[in-house]
Amino acid sequence: MKGPFRMGDWITLTSSDGHQLAAYEAKPAQPRGGLVLLQEVFGLNSYIRARCEHYATLGYHVVAPALFDRIRPDLQLGYSMEDGLKGRAIRESLDWPDVLMDTRAAVDRLAGSGPIGAIGYCWGGTIAWLAATRFPEIKAASCYYGTQILQFASERPACPVQMHFAERDHVVSLADVAKIEQLTAGQPVEIHIYPAEHGFACDEREAYHPASAEAANQRTQALFKAQLG
């Protein structure tokens, strides 16, 4: 695959079981660190690619693996209700070991680019959390409204983690966030709650909330600057 994008391009990764998957990669000439960027349930759409390029402009080598490729290669969805249902159906068809195996392939791609962090949105927010708890290479993680973090919240991260949730999230309730806070107490985890809805950081969604998006972005950038360089 090729894309007419200013900083990024499509590449192919190979997981440890031989599965080949697409990934979107944005890489500055002299990276100061690496980031694995983890998708929502909408595939590697224009928003996810734009986030890759955003972090590349800050000096990071960014790789976003196409985690739906095991079920539906090359799938890119929009933010309609119909596309949301399609994306969730594919997510539910995937096994966590395969998702983490493909995430690992992206982490391996970043070897040699400096310290590595993880960032994810929605479903990808949960995967970023799992990367922080299971991959020792990950030195910082930022998890945006991770929809399944609660079921893994008893795991212990080996690096600083930020979690960004919304007050009016129809997927992750404030009661769920309170449980996550209890389960991660004493761990290097910051939890921030914004006066917004699920998906507030995405400027392609109706739920986009610029002030909350910018606040979360600044916190994330500060985390990565401190931990990755």
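Use the structure listed above.
Structure report, in brief.

About the cut-offs
Residues numbered from 1 in each chain as written. Predicted model: local features only at pLDDT ≥ 70, side-chain atom pairs only at ≥ 80, totals over all residues. Heavy atoms only, no water. Axes fitted to C-alpha atoms, helices over the stretch in contact; angles between N-to-C directions. Helix = DSSP H or I, 4+ residues; strand = E, 2+ residues; numbered from the N terminus. Parallel < 35°, antiparallel > 145°, perpendicular 65-115°, else oblique. Contact = heavy atoms within 4.5 Å. Nonpolar A, V, L, I, M, F, W, Y, C, P; charged D, E, K, R; others polar. Buried < 20%, exposed > 50% of the residue type's maximum accessible area, 1.4 Å probe, protein only. Pairing = 2+ DSSP bridges.

With respect to the packing of helix α3 (residues 96–109) against helix α4 (residues 123–134)
- Here α3 crosses α4 at 75°, and the two axes come no closer than 11 Å. By the criterion of interaxial angle, the relationship of α3 to α4 is roughly perpendicular. Across the interface between the two elements, W96, V99, L100 and T103 of α3 pack against W123, T126, I127, L130 and R134 of α4.
- Tallied by class, residues from the contact of α3 with α4 come to six nonpolar, two polar and one charged.

Describing unusual backbone geometry
- Backbone geometry at D74 places phi at a positive 65°, although glycine is not the residue there.
- Topologically, D74 is positioned in the loop between β4 (60–65) and α2 (81–93).
- The phi angle at C122 is positive, at roughly 60°, despite the residue not being glycine.
- With relative accessibility at 7%, the residue C122 sits in the buried group.

Some details on the sheet that holds strand β2 (residues 20–26)
- Read across the open sheet, the eight strands follow the order β1-β2-β4-β3-β5-β6-β7-β8; overall the sheet is mixed. Two strands lie at the open edges of the sheet, namely β1 (8–14) and β8 (189–197), each paired on one side alone. If you compare each strand with its neighbour and ignore which way they point, the axes differ by 20° on average.
- Pairing analysis gives seven bridges linking strand β7 (residues 161–168) to β8, with the strands arranged parallel. When the sheet's bridge partners are listed, R168 is paired in β8 with E197.
- Relative to the sheet, helix α1 (residues 46–57) contacts β1, β2, β3 (33–38), β4 and β5 (116–121), its axis offset from that of β4 by approximately 160°.

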